[in-house]
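So the chains spell out like this:
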Amino acid sequence: MKPEQEPEAISLFSRHPSAVPVLLLAVVLCVIWFAALPSNLGNNPDMLWLSAIVVISLGVIATWSLFKAKSQNDRAGEMEGERDLIFALSLDILCVMSLDGHLERTNPAFLNILGLKPDELIGSALIDLVHQEDHRLARSGLRKLALGQSANFEVRCRCGDGSHRWLHWSANPQLGEHRIYAVAHDVTDRKAAEDALRSEFAFRKAMEDSVLTGLGAIDMAGRIIYINRAFSELTGLPSAELIGQSPPFSFWDERDMRANWEVLRQSLAGDAPADGADMRIRRDDGKRLDIRLHVSPLINAHGNQTGWMTAMTDITESRRASAQLEAAQERFIAVLDGLDAYVGVLDAVSGDLLYANRALAAQGKPEDSDEAIALPQPSPDEYLALPGNLTNRDLPFELFDGELQDKSGRWFHLRERALRWVDGRIVRLAVATDISTIKHAEQLAHEQEARLQSTSRLITMGEMASTLAHELNQPLSAISNYCMGSVNRLRQGNCPQEDILSAMEKASTQAARAGDIVRRVRDFVRKSEPQRSLVAIPTIIEEALGIAGIEAKRLGSKINTQIPDGLPMVMADRIMIEQVLMNLVKNAAEAMQKVPMEQRHINVAARLVEGYIEVAVTDNGCGIAPAQLGNLFSPFFTTKPEGMGMGLNICRSIIEYHNGRLWVDPNPSGGSIFRFMLPQEKILDHASFD
């Protein structure tokens, strides 16, 4: 509680004690004056007036003294009020501390800045408010103050919510009063700005030091004023040695000094190429590097140019790789130009020709067509996908692989693939090979093979002529006998009509038998082009055995067949497959000539194996020696003394012509098993034939 207010006079004298001597002096002088006056003062009017003047003067002096004292008292009160007002309203923390750092008086700014009530802080130590990490700095400042020295320090102080704020303390000691007067300014925002600036500077520095491009700055005279780490690594020189250098720089190659001076002159004149200038520098270790130099004006915060910013990029490896790539491209183009094939690259959408090798370029553009190249092109429905509908995810994509014929009759094997071109667009890579000569040779080979097959069939029939003659002799003799018997009976005139009719029917049957033999022989030896059609394997086997069975029977062999029902059809030339079967059955019968008659069995079987029809011809003969297996299907190789060595070779050619396979396996019980496979109709639908 505040003490009771003192009377104004008492307060005045207590605050201004200098007024008391003046009043006492005036009273003493008055007493002395009146004491010295004579007793007959009333008889002396002059002395009376003089006494009155002295008293009045002393009164005036006393009054004036009291007035001045009151004025000083009022002014001191105003100053004290203003000081208290400043102390209370200050935005900065103001406090009075003892020399040991304990707070004695604080202003309300403690509450505004730190959220701490001033009344609760009285008597507490300042060090208790300081962050643990800043204790050392705060104690150092307090020691200086205790020694009578002023101190300035920045520390983090605890807030009421547990957070901390940065305060800049400025304090002066008063040793006579044993007090410290301190001011603390909140610098948290400044500290945050400084931290952000340091972080940004560190980030920019890290960026500059992490890039592989050598960054440097030169002033308007060409003197180096800044470089980054990459610049120092490119030149092999430390930054301390480079900064401050003037041209010619120590990393310039002496052999390229004139060229480097010209680049620097253009840069300082502001005429440096926008895409950079190529230079050659020499590292401190003597190694020479090719670099590309980019130069741009260095503008300060006021918009004035203070120098030039340079960026050096090492292009030694890229230039070497570029040279190698150019050499490889030249070799590649030389290879493409040396090909007999026509190679072209066309835009997948517009069809524009983007590249043509020498062979294709020599063909020129077709005069009567809008096509970009003078080569036959597939129709849209022949492509596996329309090139214009492809996306990058579909690449690479096989568009076409086949044979085409142009208007002049030339044949080409064309292969087209969709891929990504060097500029990112989708293109068609077309490679066409002129196969007209090959086609012509294949046609001649087919014709020769057909003649050879026909000749082989004729030879086979020639070898079987006697057997066929014997086979035909039986039905012809029977026909003759039936006819002569019927004639004799008719001459006698007593022959019943039923007997004559029966004899004629038997004669007709024998004639049909003979005609069937002749038809099969005629069909077999007839010269014709291969004609594929849907045929049944059982029918082919029956027709083939109708002729081959005659020869097998003559050689004492018995033929057994194992043909299941429901075998699918095959797309084949019936006569050619019959020729294969006849050859295999004839070989099987001939291979068993040294085998006892009762063991001469030929087994002809057919079955369905994984979409293929397999036909097997098994014999119990002498078999084939392992040394002969490698050449068994070669032309002119034979194990027969009188053989030509063409039969099995022709058989294999016929089967491969039908997209099949012919091979031989040993028979576990003795002899050999010749097998061939033909694709059934469904698989054959996806195969290509000549």
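Here is a short report on the structure shown in this document. Computed from a predicted model, the values in this text were never measured in an experiment.

**Notes on the overall build of the protein**
Move 1: A tally of helices and strands in the protein yields 20 helices and 22 strands.
Move 2: Scored against the burial criterion, the 690 residues of the protein give a buried share of 35%.
Move 3: Summarising the internal contacts of the protein: among those between residues at least 6 apart in sequence, 51% fall at separations of at least 24.

**Description of helix α6 (residues 135-146)**
For an α-helix, the turn length of 3.6 residues means that residues three or four places apart are oriented alike.
Move 1: For α6, spanning twelve residues, the distance from its first C-alpha to its last is 16 Å, which sits close to the expected 16 Å at 1.5 Å a residue.
Move 2: Residues of α6 that are buried include every one of His135, Ala138, Gly141, Leu142 and Leu145, and no others. All buried residues of α6 lie within an arc of 130 degrees about the axis, which places them on one face of the element. Those residues of α6 that are exposed and aimed more than 90 degrees away from the buried face are Arg136 and Arg143.
Move 3: Gly148 sits one or two positions beyond α6 and adopts a positive phi of about 90 degrees.

**Remarks on unusual backbone geometry**
Move 1: Going from Pro247 to Pro248, the amide bond is cis rather than trans, its omega being 5 degrees.
Move 2: In this fold, Pro248 is placed in the loop between α9 (239-242) and α10 (257-268).
Move 3: Residue Pro396 is bonded to the preceding Leu395 through a cis peptide linkage, with omega at -10 degrees.
Move 4: Looking at the secondary structure, you find Pro396 in the loop between α12 (358-363) and β13 (397-405).
Move 5: With phi around 60 degrees, His178 is a residue other than glycine that occupies positive phi space.
Move 6: Structurally, His178 can be placed in the loop between β4 (164-174) and β5 (179-186).
Move 7: You will see that Glu610, though not glycine, has its phi angle at about 50 degrees, which is positive.
Move 8: Counting through the fold element by element, Glu610 comes out in the loop between β19 (601-609) and β20 (612-618).

**Remarks on the nonpolar core**
Move 1: Within the largest apolar cluster, 42 residues are counted, with the highest numbers of intra-cluster contacts made by Ile537, Ile577, Leu581, Ile602, Val617 and Phe676.
Move 2: If one sorts the elements of this core by residue count, helix α17 (residues 574-591) sits on top with nine residues.
Move 3: For Ile537, the contacting residues outside a window of four places in its chain are Val570, Ala606, Ile613, Val615 and Leu678.
Move 4: Within the second largest apolar cluster, 29 residues are counted, among which are Ile93, Leu142, Val155 and Ala182.

**Observations regarding the packing of helix α16 (residues 537-554) against α17**
Move 1: Look at α16 against α17: their axes get within 9 Å of each other, and the N-to-C directions meet at 35 degrees. Note on packing geometry: the crossing formed by α16 with α17 is right-handed. Contacts from Ile540, Ile541, Glu543, Ala544, Leu545, Ile547, Ala548 and Ala552 in α16 reach Arg574, Ile577, Glu578, Leu581, Met582, Val585 and Ala589 in α17.

**With respect to the sheet that holds strand β3 (residues 151-158)**
Move 1: Taken in spatial order, the five strands make up an open sheet running β2-β1-β5-β4-β3, and their pairing is antiparallel. At either end of the open sheet lies a strand with only one pairing partner, and these are β2 (103-106) and β3. Averaged over neighbouring strand pairs, the angle between their axes works out to 30 degrees when direction is ignored.
Move 2: Note that strand β1 (residues 93-98) and β2 share three bridges and pair antiparallel. Opposite Met97, over in β2, you have Leu103 as the bridge partner.
Move 3: Sitting on the sheet, α6 is in contact with β3, β4 and β5, with an inclination near 140 degrees to β3.

**Here we look at the packing of aromatic side chains**
Move 1: Evaluation of the coordinates by the stated rule reveals five aromatic pairs.
Move 2: Ring geometry for Phe249 and Trp252: centres 5.4 Å apart, planes at 80 degrees, overall edge-to-face.
Move 3: Given the relative accessible area of 8%, Phe249 is considered buried.
Move 4: Here the aromatic rings of Tyr342 and Phe412 are separated by 5.9 Å at their centres, their planes lie at 65 degrees, and the arrangement is edge-to-face. Taken together, the positions of Tyr342 in strand β11 (residues 342-347) and Phe412 in strand β14 (residues 411-420) put the pair 70 residues apart, joining distant regions of the chain.
Move 5: Taking relative accessible area as the criterion, Phe412 reaches 1% and is therefore assigned buried.
Move 6: Among the aromatic side chains, those forming a connected cluster through ring pairs are Phe231, Phe249, Phe251, Trp252 and Trp261.

**Remarks on the sheet that holds strand β8 (residues 277-282)**
Move 1: In space, the five strands of this open sheet follow the order β7-β6-β10-β9-β8, with antiparallel pairing throughout. The open sheet is flanked by β7 (224-227) and β8, the only strands paired with a single partner. Between one strand axis and the next, the sheet turns by 35 degrees as a mean value, whatever way the strands run.
Move 2: In the sheet, strand β6 (residues 214-219) pairs with strand β10 (residues 305-314) via six bridges, with the strands oriented antiparallel. Following the sheet pairing, Leu215 is matched in β10 by Ala311.
Move 3: Relative to the sheet, α10 contacts β6, β8, β9 (288-299) and β10, its axis offset from that of β8 by approximately 130 degrees.

**Points about the pairing of β6**
Move 1: Counted residue by residue, β6 has five buried out of six residues, so it is predominantly covered.
Move 2: Where β6 lies against β7, three bridges are found, and the strand directions are antiparallel. Note that in β7 the partner of Ile218 across the bridge is Ile224.
Move 3: Hairpin connection from β6 to β7: four residues lie between these consecutive antiparallel strands, with Gly222 at a positive phi of about 95 degrees.

**Things to note about the pattern of salt bridges**
Move 1: Here the structure, examined in full by the defined rule, presents 30 salt bridges.
Move 2: Across the salt bridge formed by Glu104 and Arg179, the nearest N and O atoms sit 3.1 Å from each other. With Glu104 in strand β2 and Arg179 in strand β5, the pair connects residues that are 75 residues apart, well separated along the chain.
Move 3: In this structure, the salt-bridge partner of Arg428 is Glu416, at a minimum N-O distance of 3.1 Å. Of this pair, Arg428 sits in strand β15 (residues 426-434) while Glu416 sits in strand β14, placing them twelve residues apart in sequence. Here Arg428 and Glu416 have matching classes, each one buried.
Move 4: Through salt bridges with shared partners, a single ionic network connects Asp278, Arg280, Asp290, Arg292 and Arg319.

**Here's the deal with helix α7 (residues 188-210)**
Move 1: For α7, with 23 residues, the first-to-last C-alpha span of 32 Å sits near the 33 Å given by 1.5 Å per residue.
Move 2: Taken residue by residue, α7 has Thr188, Lys191 and Asp209 as its buried positions.
Move 3: Contacts from the buried residues of α7 go to β3, β4, β5 and α8 (229-235).

**Digging into the side chain of Glu416**
Move 1: Its relative accessible area of 0% is what places Glu416 among the buried residues.
Move 2: A polar contact of 3.1 Å, which involves the side chain of Glu416, links it to the side chain of Arg428.
Move 3: Here Glu416 is in contact with Gln377, Pro378, Tyr383, Phe397, Glu398, Leu399, Phe400, Arg428, Leu429 and Ala430, once residues within four sequence places are set aside.

**Section: the environment of Gln149**
Move 1: By the secondary structure assignment, Gln149 is in the loop between α6 and β3.
Move 2: Here Gln149 falls in the partly exposed class, since its relative accessible area comes to 41%.
Move 3: Sequence-wise, Gln149 and Gln174 are 25 residues apart; in three dimensions their C-alpha atoms are separated by 9.6 Å.
Move 4: With sequence-adjacent residues up to four places away left out, Gln149 is seen in contact with Lys144 and Pro173.

Analysis parameters
Residues numbered from 1 in each chain as written. Predicted model: local features only at pLDDT ≥ 70, side-chain atom pairs only at ≥ 80, totals over all residues. Heavy atoms only, no water. Helix = DSSP H or I, 4+ residues; strand = E, 2+ residues; numbered from the N terminus. Buried < 20%, exposed > 50% of the residue type's maximum accessible area, 1.4 Å probe, protein only. Contact = heavy atoms within 4.5 Å. Expected span 1.5 Å × (residues − 1). Arc of directions from axis to C-beta. Core = buried A, V, L, I, M, F, W, Y, C linked by side-chain atoms within 4.5 Å. Axes fitted to C-alpha atoms, helices over the stretch in contact; angles between N-to-C directions. Left-handed = near helix turned anticlockwise from the far one by under 90°. Pairing = 2+ DSSP bridges. Phe/Tyr/Trp six-rings, centres within 6.5 Å; stacked < 30°, edge-to-face > 60°. Salt bridge = Lys/Arg side-chain N within 4 Å of Asp/Glu carboxyl O. Polar contact = N/O pair within 3.5 Å; in protein donor to acceptor, adjacent residues only side chain to side chain.

So, to be careful, I would describe these as geometric facts and stop short of saying anything about function.
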